[in-house]
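Survey of secondary and tertiary structure
The primary structure of each chain is shown beneath.
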Amino acid sequence: MGEWQRLRYDIWSGGYDWFVGIAPVTAARRRSLELLALEPGEAVIVAGCGTGLDLPLLPPGIDVTGFDLSPRMVERARRRAASLGLAARLDVADAVRLPYPDASFDAAVLHLILAIVPDPVACLREVARVVRPGGRVAVLDKFVPGDTCRPGLVRRALDVPSRLLFTHLTRCLDPLVAASPFAVACQEPSLLGGQFRLAQLRHREAAVDPHSTPADTLESARQRGPDDRRGSPDTA
Ligand SMILES: C[S@@+](CC[C@H](N)C(=O)[O-])C[C@H]1O[C@@H](n2cnc3c(N)ncnc32)[C@H](O)[C@@H]1O
């Protein structure tokens, strides 16, 4: 599966920007990065960076590292960084085995990766390892909309070819995060009428600190409690 994952994104890399570099997706990225509120001097990791479509949207003065499983994607991201004059480190690496020390980043960008990787919880665990305690994580991806994780029949049928070629369609944000070291600090519907979602994650201890995250989302997280999984992390 790892080889196919690499190969299909090597193949996609040529036309990727035509499909994904479109204005509405760029606007969603901007919103996600605005919520992440990177400060000059901070170190950020861009997970599954693809062709580097996030790179031009990062504020100046950030120490940028990115990685992707696909060497062709990384080549393109390196070319983009060079054209922007951005001294980013861009590696070929697997999201579940990162070549970075513990707590080496202040923040992580997870755009369009959690619905792609075979094991999103393992990916979140690895991101939790490399992001320092109290660090921030921005997620933008497609998740089953609504509070209950109940993908309908059509969605489940479409998921079968889609996950082989592009992306999973039946993943649910809340249970997936609940199975990881993170908690959802806040989230909002995004592209395609809420088929995509933006979320900010914090290490679980930080997320229950009332001084570090918005009270309303903290309250709902407390009410849900750690045992409320509302379905499995990946119902595909
Ligand atoms: C839909 S693209 C998103 C790219 C980029 N994050 C963006 O927002 O445009 C998914 C990316 O995840 C990468 N990917 C898939 N599995 C991965 C893994 N296990 N580790 C690292 N990257 C992976 C793919 O190669 C692809 O570039």
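Quick note: structure is the one above.
As a starting point, this report considers the structure included with it. Only a predicted model underlies this, so the values are computations on that prediction, with no experimental measurement involved.

Some remarks on the overall build of the protein chain
Tallying secondary structure elements over the protein chain gives 10 helices and seven strands in all. Looking at the protein chain as a whole, 42% of its 236 residues qualify as buried. Within the protein chain, contacts between residues at least 6 apart in sequence are counted, and of these 69% link residues at least 24 apart.

Concerning the pairing of strand β5 (residues 131-142)
Most of β5 sits inside the fold, with nine of its 12 residues counted as buried. Pairing analysis gives six bridges linking strand β4 (residues 105-111) to β5, with the strands arranged parallel. Paired with V109 across the bridge in β5 is A138. Between the parallel pair β4 and β5, the chain is carried across by helix α5 (residues 120-130), and the sense of this crossover is right-handed. Sheet analysis places β5 next to strand β7 (residues 196-203), joined by seven bridges and oriented antiparallel. Considered in β7, the bridge of K142 is made with F196.

A word on the nonpolar core
Among the nonpolar cores identified, the biggest contains 58 residues, and V44, A47, A108, L110, V127 and V137 are the most heavily contacted of them. Here A108 is in contact with V44, I45, A47, V127, V131 and V137, once residues within four sequence places are set aside.

Structural notes on the site of the ligand
Taken together, 19 residues form the shell around the ligand, and within it Y9, G48, G50, A95 and H111 come nearest. The residue inventory of the shell around the ligand, partitioned by class, reads 11 nonpolar, five polar and three charged.

Section: the environment of P118
Following the sequence through the fold, P118 ends up in the loop between β4 and α5. Sequence separation between P118 and Q5 is 113 residues; the distance between their C-alpha atoms is 8.8 Å.

Comments concerning the sheet that holds strand β2 (residues 63-68)
Spatially, the seven strands line up as an open sheet ordered β3-β2-β1-β4-β5-β7-β6, and their pairing is mixed. The open sheet is flanked by β3 (89-92) and β6 (182-189), the only strands paired with a single partner. Taking each pair of neighbouring strands and ignoring which way they run, the sheet shows an average axis angle of 20 degrees. Summarising the sheet, strand β1 (residues 43-47) and β4 pair through three bridges and their orientation is parallel. Considered in β4, the bridge of I45 is made with A108.

Some details on the environment of Q195
By the element assignment, Q195 lies in the loop between α8 (191-194) and β7. Judged by local crowding, Q195 falls into the partly exposed class, with 14 C-beta atoms found within 10 Å. For the pair Q195 and P145, spaced 50 residues apart in sequence, the C-alpha to C-alpha distance is 5.7 Å. With residues up to four places along the chain from it excluded, the contact list for Q195 reads K142 and P145.

A few points about the environment of D106
Looking at where D106 falls in the secondary structure, it is placed in strand β4. D106 gets classed as buried once you count the C-beta atoms within 10 Å, which come to 20. Along the sequence, D106 and P133 sit 27 residues apart, while their C-alpha atoms lie 8.4 Å from each other.

Procedures and definitions
- Positions within a chain are numbered from 1, following the residues in the order the chain's sequence is written.
- With pLDDT at 70 or above as the cut-off, local features in this predicted model cover only qualifying residues; side-chain atom pairs require 80 or more to be listed or tallied, and sums for whole chains, interfaces and linings still use all residues.
- Where helices and strands are cited, they refer to DSSP runs of H or I of at least four residues and of E of at least two residues respectively, numbered from the N terminus.
- Each residue is classed by its C-beta neighbour count within 10 Å, where at least 20 other C-beta atoms makes it buried, 12 or fewer makes it exposed, and intermediate counts make it partly exposed; the C-beta atoms are placed from backbone geometry.
- Two residues qualify as a contact pair if the distance between their C-beta atoms, derived from the backbone, is within 7 Å.
- Note: two strands are recorded as paired if DSSP finds a minimum of 2 bridges between them.
- Note on handedness: a crossover is taken as right-handed if, strands pointing away from the viewer, the path from the first strand over the helix to the second is clockwise.
- Residues of type Ala, Val, Leu, Ile, Met, Phe, Trp, Tyr and Cys that are buried and joined through C-beta atoms within 7 Å form what is called a nonpolar core.
- Placing a C-beta atom from the backbone of each residue, we mark the residue near a molecule or strand if the atom is within 6 Å of it.
- We call Asp, Glu, Lys and Arg charged. Ala, Val, Leu, Ile, Met, Phe, Trp, Tyr, Cys and Pro are nonpolar, and the rest, Gly among them, are polar.
- In this analysis, axes come from line fits to C-alpha atoms, helices being fitted only over the stretch in contact, and the angle between any two N-to-C directions falls in the range 0 to 180 degrees.

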